[in-house]
Amino acid sequence: MRLTLTRPDDWHLHLRDDAALATTVPHTARQFARAIAMPNLRPPVTTTAQALAYRDRILAARPPGSDFTPLMTLYLTDRSDPAEMRAARASGQVVACKLYPAGATTNSDSGVTDIRHIRPALAAMEREGLLLLVHGEVTDPDIDLFDREAVFIERVLAPLLADFPGLRVVFEHITTRDAVDFVLAGDERLGATITAHHLLYNRNALFQGGIRPHYYCLPVLKRETHRAALLAAATSGHPRFFLGTDSAPHTRSTKEAACGCAGCYTAATALELYAEAFESAGALARLEAFASFHGADFYGLPRNSGTLTLERVEQAVPASFAYADEALVPLRAGETLRWRQASA
Ligand SMILES: NC(=O)N[C@@H](CC(=O)O)C(=O)O
Ligand SMILES: [Zn+2]
Ligand SMILES: [Zn+2]
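Residues numbered from 1 in each chain as written. Chains lettered and ligands numbered in written order. Predicted model: local features only at pLDDT ≥ 70, side-chain atom pairs only at ≥ 80, totals over all residues. Heavy atoms only, no water.

Draft legend 1. Up close: empty space enclosed by the protein. With the rule as written, the count across this model stands at four cavities of 30 Å³ or more. Lining of the largest cavity is provided by 16 residues; of these, H14, T105, L218, D246 and A248 occupy positions nearest its centre. The residue inventory of the lining of the largest cavity, partitioned by class, reads five nonpolar, nine polar and two charged. The wall of the second largest cavity is formed by H214, A248, P249, H250, K255, G263, C264, Y265, L328 and V329. Looking at the lining of the second largest cavity, its residues break down into six nonpolar, three polar and one charged. (1 Å grid on protein atoms, 1.4 Å probe; cavity = no way out; pocket = protein on both sides within 12 Å on 5 of 7 lines; lining within 4 Å. Points joined across faces, edges and corners; volume = space filled by probe spheres on them. Nonpolar A, V, L, I, M, F, W, Y, C, P; charged D, E, K, R; others polar.)

Right, here's the structure in full:
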């Protein structure tokens, strides 16, 4: 069996930088025409000049003949300058800014400590037509880790949407039924990305016979009722849910550690993982819209031409990839996937 889709885009991706790009860029370029390049580098990408320089490094890592296009983002901080938003828009390469609540996730220590600090920047984004992408978790240590997304909706996201009625917002890597319901109840300014791993796994995967660091990401996997709600949303055909892998590489030694990093690496087999999830719901016919249409439409960008074909032939996932001078362990390392990309 074969499944041919319009070439998809990844609306949430971590490519990292420098030597890492030699691994990450070819993996993503093999499947995706475009990807939103997350700005949580060290130091973070906070200016248009930094974003354009980062873009050049990504382009230089493309395989020969690849037309893969990174879409650039800026990292919001307490000191984000509204004037930077005009420069970002004028560059034609920066499409969005990313809100990381300070301390919420990997490389978020320069993130925003209070939304009030970025009100001028948000107003400028609204004027310039830049999207706001959010890591939607509160960082309040009194809030249970599994409740941080739901509390973010109520404390931060709902007021923010009300205060900036012209801002388009993507609720990134949603993990709960609460987030699905909030997006469904929202207007056309609010979209959401969903990862393959949150469609395929619930939190049991983290503890299957022992602790499984390669299933640890943020927001953390939730209980089965939430996974089921995400799968229903992704396969519903609703246009404001779209593909964002959140593929987030960390070296083996920083994952398999006493205090391991958050992030699952899925870019090398992203479409195969999504195909498994959609097949499990009997919804393969809806994969193309989720992967290739809804995101482009939400961002106001043209849909891609060209196609990607998956075939229902098993493939083994490598135990690891070379990554700078270290090893990178992908999700499902050493296991088998039901689908593989044809001839690429
Ligand atoms: N998702 C993750 O667990 N990690 C991401 C950061 C993020 O997307 O929150 C990373 O950069 O490693
Ligand atoms: Zn995040
Ligand atoms: Zn991410």
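Draft legend 2. A look at the UniProt feature "active site" (unreviewed entry) in the chain. Under the UniProt annotation, the feature "active site" (unreviewed entry) is placed at D246. Mapped onto the elements, D246 comes out in the loop between β9 (241-243) and α9 (252-255). Excluding anything up to four places from it in sequence, D246 contacts H12, H14, H173, T195, H197, L218 and C264. (UniProt positions renumbered as here; feature names shortened; annotations may be inferred. Helix = DSSP H or I, 4+ residues; strand = E, 2+ residues; numbered from the N terminus. Contact = heavy atoms within 4.5 Å.)

Draft legend 3. Structural view of the site of ligand 1. Around ligand 1, the surrounding shell holds 15 residues, and the nearest of these are R16, T105, L218, D246 and H250. Considered on its own, ligand 1 offers 320 Å² of accessible surface; in the complex 100% of this is hidden by protein. A majority-of-atoms criterion places ligand 1 in the largest cavity. By residue class, the composition of the shell around ligand 1 is four nonpolar, nine polar and two charged. (Near = heavy atom within 4 Å. Areas by Shrake-Rupley, 256 points an atom, 1.4 Å probe, with all protein chains shown as cover. Sits in = over half its atoms within 2 Å of the grid points.)

Draft legend 4. Here's a closer look at the coordination of the zinc ion (ligand 2). Those donors, H135 (ND1) and H173 (NE2), are the protein atoms that reach the zinc ion (ligand 2), and they lie 2.0 to 2.1 Å from it. Between the four donor atoms coordinating the zinc ion (ligand 2), the angles at the centre fall across 53 to 148°, so the site counts as irregular. Separating the zinc ion (ligand 2) and the zinc ion (ligand 3) is a distance of 3.9 Å. You can see H135 sitting in the loop between β6 (131-134) and α5 (148-163) and its partner H173 sitting in the loop between β7 (169-171) and α6 (177-185), a full 38 residues away along the chain. When sorted by exposure, H135 lands in the same class as H173, which is buried. (Donors = N, O, S within 2.8 Å, 3.2 Å for Na, K, Ca; no water. Tetrahedral: all angles 85-135°; square planar, octahedral: opposite > 155°, others 65-115°. Buried < 20%, exposed > 50% of the residue type's maximum accessible area, 1.4 Å probe, protein only.)

Draft legend 5. Region of interest: the sheet that holds strand β10 (residues 307-311). Spatial strand order, β1-β10-β15: three strands in an open sheet with antiparallel pairing. Pairing within the sheet leaves two strands with one partner each, and these edge strands are β1 (2-6) and β15 (340-341). Contacting β1, β10 and β15, helix α10 (residues 270-280) runs over the sheet at an angle of about 60° to β10. (Pairing = 2+ DSSP bridges. Axes fitted to C-alpha atoms, helices over the stretch in contact; angles between N-to-C directions.)

Draft legend 6. Local environment of the layout of surface pockets. A volume near 510 Å³ is recorded for the largest pocket. Around the largest pocket, the lining is made up of 26 residues, and of these R16, N40, L41, R42 and N107 lie nearest the centre. For the lining of the largest pocket, the residue count by class is 12 nonpolar, eight polar and six charged. Of the voids in this model, the second largest pocket is the one considered here, and its volume is about 350 Å³.

Draft legend 7. Layout of the coordination of the zinc ion (ligand 3). Taken together, the protein donors to the zinc ion (ligand 3) comprise H12 (NE2), H14 (NE2) and D246 (OD), at separations of 2.0 Å. Viewed at the metal, the four donor atoms of the zinc ion (ligand 3) are separated by angles of 93 to 134°, and the geometry they form is tetrahedral. On the primary sequence, the residues serving as donors to the zinc ion (ligand 3) are separated as H-x1-H-x231-D. Take H12: its relative accessible area is 1%, and that puts it in the buried class.

Draft legend 8. Geometry of the pairing of β10. Counting buried residues in β10 gives four out of five residues, a clear majority hidden from the surface. Where β1 meets β10, five bridges bridge the pair, whose relative direction is antiparallel. Within β10, the position partnered with L5 by the bridge is L308. The pairing of β10 with β15 spans two bridges and is antiparallel. Opposite L310, over in β15, you have Q341 as the bridge partner.

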